Amino acid sequence: MSEQINQVRIAELVKKYDQAGPRYTSYPTAPEWSDQYAPDDYMEALKVASNSPGEPLSFYLHIPFCRKRCWFCGCTTMVVTTPDAIDRYLDRVELEVAMVADRLGGRKKVSQFHWGGGTPSFLTDAQTIRAFELFTRKFEILGDAEVSIELDPRTTTRECVKLLKKLGFNRLSMGVQDFMHDVQEAIGRHQDSAMTISLYEICRTEGFESINFDLIYGLPKQSLAGFGETLDRTIGLRPDRVALFSYAHLPQRQPNQRSIDPAALPSAQLKSELFGLARQRFLDNGYVQIGMDHFVLFDDELALAASHGKLRRNFMGYTVNAAKDWLGIGMSSISYVSDNFAQNKSEIDGYSAAIDIGHFATYRGQRLSKDDLIRQYAIMEIMCNFRLDFAEADRRFGIDTRNYLKSELIELLPLMADGLLVEIDGGLEVTPIGRLFVRNIAVTFDTYLKKVADGKARAQFSRTI
Ligand code: SF4
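Residues numbered from 1 in each chain as written. Predicted model: local features only at pLDDT ≥ 70, side-chain atom pairs only at ≥ 80, totals over all residues. Heavy atoms only, no water.

For the rest of this paragraph, the subject is the overall build of the protein chain. Looking only at helices and strands, the protein chain has 19 helices and 19 strands in total. In terms of C-alpha radius of gyration, the protein chain reaches 22 Å, essentially the compact-globule figure of 23 Å for 465 residues. Considering only C-alpha atoms, the protein chain reaches an extent of 55 × 55 × 40 Å along its principal axes. Classification of the 465 residues of the protein chain by burial places 57% in the buried group. Considering only contacts in the protein chain between residues 6 or more positions apart, those separated by 24 or more positions represent 74%. For the protein chain, the exposed surface amounts to about 18,900 Å²; the carbon and sulfur share of it is 52%. With 55 positive and 61 negative side-chain charges, the protein chain shows a separation of 2 Å between the mean positions of the two kinds. (Helix = DSSP H or I, 4+ residues; strand = E, 2+ residues; numbered from the N terminus. Rg over C-alpha atoms; globule rule 2.2 N^0.38 Å. Buried < 20%, exposed > 50% of the residue type's maximum accessible area, 1.4 Å probe, protein only. Contact = heavy atoms within 4.5 Å. Areas by Shrake-Rupley, 256 points an atom, 1.4 Å probe, with all protein chains shown as cover. Lys, Arg positive; Asp, Glu negative; His and termini not counted. Charge placed at Lys NZ, Arg CZ, Asp CG, Glu CD.)

Encoded structure:
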């Protein structure tokens, strides 16, 4: 399989396929979930989950606090200046963890525990210990579990890294975005290279063997030369994993993004060239592409899982350890339990008020139908493993997949003619060039987007390229 992709051909395809569409961190996508889904529905899903006591769980803890809001950020976060607000939030987290543990009965084992935000490393040492221990009093983190946290190089100290190691964290993710000063100016996030390099070296000397960098392409002021420098510095440090996210400029939904000058944003063509540059640079330097937008060292367990078609993806990213059920704790967190999506309220007051009276803070969700599960499987296989094996889908769902998805297979013919995917013996396979357009392929299986006029339904999503 040639990894060299013809840039002229890509330019033609970008023109044709650059449109709004979901990133498919879930299917059905969150805007489709019902606001009629209530805390009682979530409790029922937890009750069903309690019937599998030996099955491990994945947990996500949302820490929604930052020192200052970056202009590009799309996360659910709030600025705080004193630790008191965080203490009060942890009071609610403690109650919510206890409520979940009660409903899950004897189901205690955890194979994945991730802290995201916001800025989890913004907590004081005492708060970090408290948040960890309130969880381990109720659940048992397995010896081979992934225990990960997102770090902000501007606020993380050596003492914090030592504490994380002592508590049992084994994977760190650092927000880098771009090393170039002019880009940082344009996104309202000043992070001197020395800070990033220093934290990286501290993490290595303190014994962390798995470090991820988050980079973003499509930011204002990015150029091929400047981004090339960011890539060189990244590759020089050699993080084990790099998440290369596409910047989604949605100022109508993210008011903080209105501070960004739209005239400084790269065109769709330049954006795809930035991705193409990064992809080639990583592939030339010992990294393997994982899913749509991640690169990992060739011997990383994600690379091995991908080569065996065993990669999984959830709201925490790509993983090999994802449990079937994952629980989100904290405001705005999303759970997937017993084939139900359930999301907590996204405002601190609403979240706190519900938890304070002993109720879950669920405000929307969805119980998946069999059709949802079939399409979820097809979309996740395409997004993670770049293929869809009909025989495996037949076995899982007791259907004739080729027949079940026959109208989608007809819709895919023009994409096949453009070389984005091919029919292989017993399934579909995304081609190397098709990996750049994998969201356009996945959207074919999404029935919800077809129910209303295409443009209207898609307008709420970011561009696919
Ligand atoms: S990018 Fe990170 S530090 Fe900046 S506002 Fe978002 S969550 Fe906070």
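With that settled, the discussion passes to helix 3 (residues 84–104). The terminal C-alpha atoms of helix 3, which comprises 21 residues, lie 31 Å apart, in line with the 30 Å expected from a rise of 1.5 Å per residue. For helix 3, the full list of buried residues reads Ile 86, Tyr 89, Leu 90, Arg 92, Val 93, Glu 96, Val 97, Met 99, Val 100, Ala 101 and Leu 104. Looking one or two residues past helix 3, Gly 105 carries a phi angle of roughly 55°, positive in sign. (Expected span 1.5 Å × (residues − 1).)

Turning to the pattern of salt bridges, a few remarks are in order. By the definition in use, this model includes 28 salt bridges. Between Arg 23 and Asp 293 there is a salt bridge, with its nearest N and O atoms 2.9 Å apart. Of the two residues, Arg 23 is situated in the loop between helix 1 (7–17) and helix 2 (39–49) and Asp 293 in the loop between strand 9 (287–290) and strand 10 (294–297); the sequence distance between them amounts to 270 residues. Residue classification places Asp 293 among the buried residues on the basis of a relative accessible area of 4%. The network of salt bridges with shared partners includes Arg 9, Glu 12, Lys 16 and Asp 418. (Salt bridge = Lys/Arg side-chain N within 4 Å of Asp/Glu carboxyl O.)

With that settled, consider the domain arrangement of the protein chain. Partitioning the protein chain into domains gives domain 1 (1–28 + 369–465) and domain 2 (33–328). Placing the centre of domain 1 and that of domain 2 at their C-alpha centroids yields a distance of 26 Å. Taken together, the contact between domain 1 and domain 2 spans 28 residues of the former and 28 residues of the latter. Where domain 1 abuts domain 2, roughly 2,300 Å² becomes buried across the two surfaces, and 51% of that area is made up of carbon and sulfur atoms. If you list the elements that add at least two residues to the side of domain 1 that touches domain 2, you get helix 1, helix 12 (370–385) and helix 17 (438–442). Per-class residue counts for the side of domain 1 that touches domain 2 are 14 nonpolar, seven polar and seven charged. (Domains from an automatic or database assignment. Buried area = accessible area lost by both parts, 1.4 Å probe. Nonpolar A, V, L, I, M, F, W, Y, C, P; charged D, E, K, R; others polar.)

Before going further, it helps to spend a moment on the layout of surface pockets. Approximately 680 Å³ is the volume attributed to the second largest pocket. Together, 23 residues line the second largest pocket, and Arg 312, Lys 324, Tyr 336, Gln 376 and Arg 396 are the ones closest to its centre. Where the lining of the second largest pocket is concerned, the elements lending two or more residues are strand 11 (312–314), helix 12 and helix 13 (390–397). Looking at the lining of the second largest pocket element by element, the count peaks at six residues for helix 12. (1 Å grid on protein atoms, 1.4 Å probe; cavity = no way out; pocket = protein on both sides within 12 Å on 5 of 7 lines; lining within 4 Å. Points joined across faces, edges and corners; volume = space filled by probe spheres on them.)

In this section: the site of the ligand. The full set of residues close to the ligand is Cys 66, Lys 68, Arg 69, Cys 70, Phe 72, Cys 73, Gly 118, Thr 119, Asp 152, Arg 154 and Arg 189. Classifying every residue of the shell around the ligand gives four nonpolar, two polar and five charged. (Near = heavy atom within 4 Å.)

The next point concerns the environment of Asp 240. When you line up the elements, Asp 240 lands in the loop between helix 8 (224–237) and strand 8 (241–246). Asp 240 has contacts with Arg 204, Glu 209, Ser 210, Ile 211, Tyr 287, Phe 295, Val 296, Leu 297 and Asp 300, leaving out every residue within four places of it along the chain. Looking at Asp 240, its side chain comes within polar contact range of the side chain of Arg 204, at 2.9 Å. (Polar contact = N/O pair within 3.5 Å; in protein donor to acceptor, adjacent residues only side chain to side chain.)

What follows concerns unusual backbone geometry. Geometrically, the link from Tyr 27 to Pro 28 is a cis peptide bond, its omega value of -5° lying close to zero. Note that Pro 28 resides in the loop between helix 1 and helix 2. Omega for the peptide link from Gly 117 to Gly 118 comes to 20°, which places this bond in the cis form. Among the structural elements, Gly 118 can be located in the loop between strand 4 (109–117) and helix 4 (125–136). Of note, the phi angle at Tyr 24 is positive, near 55°, even though the residue is not glycine. Note that Tyr 24 resides in the loop between helix 1 and helix 2.

Once that is clear, we can look at the packing of aromatic side chains. Per the stated rule, a full pass over the model turns up 25 aromatic pairs. On the numbers, 5.0 Å between centres and 25° between planes, the contact of Phe 282 with Phe 295 is stacked. Linking Phe 282 in helix 9 (residues 268–284) with Phe 295 in strand 10, this pair joins segments that are 13 residues apart in sequence. This pair shows no difference in class: Phe 282 is buried, exactly as Phe 295 is. Grouped by ring-pair contacts, the aromatic residues Phe 59, Phe 113, Trp 115, Phe 132, Phe 135, Phe 139 and Phe 169 constitute a single cluster. (Phe/Tyr/Trp six-rings, centres within 6.5 Å; stacked < 30°, edge-to-face > 60°.)

All chains considered together, the criterion is met by three cavities of 30 Å³ or more. In this structure, the second largest cavity encloses a volume near 40 Å³. Across the lining of the second largest cavity, the residue classes break down as ten nonpolar, no polar and no charged.

So, on to the pairing of strand 18 (residues 421–424). As paired elements, strand 18 and strand 19 (residues 427–430) share four bridges and run antiparallel to each other. Residue pairing for strand 19: Leu 421 is matched across the bridge by Val 430. Between strand 18 and strand 19, which pair antiparallel one after the other, the connecting turn spans two residues, and Gly 426 there sits at a positive phi close to 80°. (Pairing = 2+ DSSP bridges.)

With that settled, the discussion passes to the sheet that holds strand 17 (residues 387–389). Taken in spatial order, the three strands of this open sheet run 17-19-18, and their pairing is antiparallel. Bordering the open sheet on either side are strand 17 and strand 18, each of which pairs with just one other strand. Strand-to-strand twist of the sheet, defined as the mean angle between neighbouring strand axes without regard to direction, takes the value 20°. Relative to strand 19, strand 17 is paired through three bridges, and the arrangement is antiparallel. Bridge pairing links Leu 388 to Leu 428 in strand 19. Packed onto the sheet, helix 12 meets strand 17 and strand 19 and runs at close to 135° relative to strand 17. Helix 13 rests against strand 17, strand 18 and strand 19 of the sheet, and its axis sits at about 55° to strand 17. (Axes fitted to C-alpha atoms, helices over the stretch in contact; angles between N-to-C directions.)

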